[in-house]
Amino acid sequence: MAEILVSVIVPLYNEERYIGTLLESLEKQTYPRERMEWLFADGMSTDGTVAAIRRAAEAEQLPIVLLQNEKQKTPYALNLAIGAAKGKYIIRLDAHSYFYPDYIEKCVYYLEHTDADCVGGIAETQAEGFVGGAIAQMLSTKFGVGGSDFRTGDGNRYADTVPFGAFRREVFDRVGLFNPKLLRSEDNDMNARIRASGGKLWLAEDIRFRYYCRDTVGGILKMGLQNGNALFRTLLENPRAMS
C-alpha cells in the first residue's frame, strides 16, 4: 500500500448544493489518488450532504474518510480532521469551490520547492445569475476586498495570508491547532501565528480554484454582518490576524 503523503481536509455543513462540484474536482486531481486521503468533517448536516459523499465513495472507490463534527463549528472540524490525518502535507479545501485538476499537485510542488510552511493560490470568484455575477465581480477587485491579493490575482510571492492553505504537518506541532474561539477568521489567525513563529506563506499564481460566493444581496449582507461581529473576537484573541 502506498504511503499517504497528502491529507485533504474539508469542513462541511449542509453543502448539498455544492458537494457534487467539490467531489468532481477531487476525482479529477492529477496527484496520485493512492497517495491521498480525503477527510470530510461534517457538522451534523440535515440535508443530503452526507448521503452524496457516501454514494460517491461507494461508487467510485474514493479515499474518503467521513468524520462527525458534533461541535458544528469550522475550527473544531479542522482540528478533528488534522488529528485524524496521516499525511505529510495537510491541504484544507472548501466545499463552496471547484479545484482545478492540478491544484493538489501544485500545492505539493511548492511545499517541496520553497521554504514556505503554507502555500495557497488564487480564488476565481463566481456566482449564478445577474446579481450573483455582480457580487462576484465586486469580490474580485481591491474596491470589494481591499488587500486580499489572493482574490485579485497578485501572486508568486511571499504573502501575509493565503486562502485555505496547504500546510506542512509539523507547522501544527510548532504553532498549535486552529483556535476554536474564532469561528470566522481562524485561517487568518493561523497564518498570523505561522508568521510570528518565523514561518513563511507562499501565494502562487498558478494554483487556482473557483470559489462560489453568495449570489443574493441578502446573502452577502448577512455574511458581512457575521464577519464584522467576528472581527472583535479576533482582535481580542490575536490582533496580528487582522493585519
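Note that the structure is predicted; figures quoted are calculated from it, not measured.

> Now, about unusual backbone geometry: what can you tell me, with residues and values included?
Positive phi, normally seen in glycine, also occurs at Asn14, with a value near 50 degrees. Along the chain, Asn14 falls in the loop between β1 (6-12) and α1 (19-27). A relative accessible area of 28% places Asn14 in the partly exposed class. One non-glycine residue, Met44, adopts positive backbone phi at about 65 degrees.

> Give me the lowdown on the side chain of Asn79, citing residues and values where you can.
As for its placement among the helices and strands, Asn79 is situated in helix α3 (residues 74-84). Each residue touching Asn79, except ones within four places of it in the same chain, is listed here: Leu177 and Phe178.

> Could you give an account of the pairing of strand β9 (residues 201-212), with specific residues and numbers?
Where burial is concerned, most of β9 is hidden: nine out of the twelve residues are buried. Sheet topology note: the strand β5 (residues 97-99)/β9 ladder contains three bridges and is antiparallel. Pairing of Tyr98 across the sheet is with Arg210, part of β9. Summarising the sheet, strand β6 (residues 118-126) and β9 pair through eight bridges and their orientation is parallel. What sits directly across from Thr125, in β9, is Tyr211.

> Give me the lowdown on α1, citing residues and values where you can.
For α1, the set of buried residues is Ile19, Leu22, Leu23, Ser25 and Leu26. Along the axis of α1, the buried positions cluster into a sector of 160 degrees, meaning they face one direction only. Looking at the buried positions of α1, the neighbouring elements they touch are β1, β2 (36-42), α2 (49-60), β3 (64-68), β5 and α4 (103-113).

> Just give me the short version of α3, but keep the residues and values in it.
Within the sequence span of α3, burial applies to Pro75, Ala77, Leu78, Asn79, Ala81 and Ile82. If you follow the buried residues of α3, they end up packed against β1, β2, β3, β4 (89-92), α8 (170-175) and α9 (186-196).

> Which residues make up the packing of aromatic side chains, and what values go with them?
Evaluation of the coordinates by the stated rule reveals eleven aromatic pairs. Between Tyr18 and Tyr212 the ring centres are 5.9 Å apart and the planes differ by 25 degrees, which places this aromatic pair in the stacked class. Of the two residues, Tyr18 is situated in the loop between β1 and α1 and Tyr212 in strand β9; the sequence distance between them amounts to 194 residues. Just as Tyr18 is buried, Tyr212 falls in that class too. When the centroid spacing of 5.9 Å and the interplanar angle of 85 degrees are considered together, the rings of Tyr98 and Tyr100 count as edge-to-face.

> Describe the pattern of salt bridges, naming the residues involved and giving the relevant values.
Side-chain pairs of opposite charge can arise where the charged atoms are in close proximity. Applying the stated criterion across every chain yields a total of ten salt bridges. Ionic pairing is found between Glu186 and Arg92, a salt bridge with its closest N-O pair at 3.1 Å. Residue Glu186 is found in helix α9, and its partner Arg92 is found in strand β4; the two are separated by 94 residues along the sequence. Looking at Glu186, the relative accessible area reads 4%, which means it is buried. On the basis of relative accessible area, Arg92 is assigned to the buried category, the value being 6%. Here the residues in one salt-bridge network are Asp102, Lys106 and Asp206, joined through shared partners.

> An account of the side chain of Arg168 is needed here, citing residue identities and associated values.
In this fold, Arg168 is placed in strand β8 (residues 166-168). An unpaired buried charge is present at Arg168: no salt bridge exists, and Asp117, the closest side chain of opposite charge, is 4.7 Å distant. In this structure the side chain of Arg168 is engaged in a polar contact, spanning 2.4 Å, whose partner is the backbone oxygen of Leu111. Polar contacts involving the side chain of Arg168 include one to the main-chain carbonyl oxygen of Ala116, which spans 2.7 Å. Contacts of Arg168, omitting those with residues within four sequence positions, involve Lys88, Tyr89, Leu111, Thr114, Asp115, Ala116 and Asp117.

> How would you explain the packing of α1 against α2 if you had to name every residue and give the values?
Working note: a packed helix pair is described by the angle between its axes plus the distance between those axes. Direction vectors running N to C along α1 and α2 enclose 30 degrees, while the axes themselves pass 10 Å from each other. Between α1 and α2, the angle is such that the two are roughly parallel. At the point where α1 passes α2, the crossing takes the right-handed sense. Seen from α1, the contacting residues are Ile19, Leu23 and Glu27; seen from α2, they are Ala52, Ile53, Ala56 and Glu60. A per-class count over the contact of α1 with α2 returns five nonpolar, no polar and two charged.

Calculation criteria
Residues numbered from 1 in each chain as written. Predicted model: local features only at pLDDT ≥ 70, side-chain atom pairs only at ≥ 80, totals over all residues. Heavy atoms only, no water. Helix = DSSP H or I, 4+ residues; strand = E, 2+ residues; numbered from the N terminus. Buried < 20%, exposed > 50% of the residue type's maximum accessible area, 1.4 Å probe, protein only. Contact = heavy atoms within 4.5 Å. Pairing = 2+ DSSP bridges. Arc of directions from axis to C-beta. Phe/Tyr/Trp six-rings, centres within 6.5 Å; stacked < 30°, edge-to-face > 60°. Salt bridge = Lys/Arg side-chain N within 4 Å of Asp/Glu carboxyl O. Lys, Arg positive; Asp, Glu negative; His and termini not counted. Polar contact = N/O pair within 3.5 Å; in protein donor to acceptor, adjacent residues only side chain to side chain. Axes fitted to C-alpha atoms, helices over the stretch in contact; angles between N-to-C directions. Parallel < 35°, antiparallel > 145°, perpendicular 65-115°, else oblique. Left-handed = near helix turned anticlockwise from the far one by under 90°. Nonpolar A, V, L, I, M, F, W, Y, C, P; charged D, E, K, R; others polar.

Geometry only, nothing functional implied.
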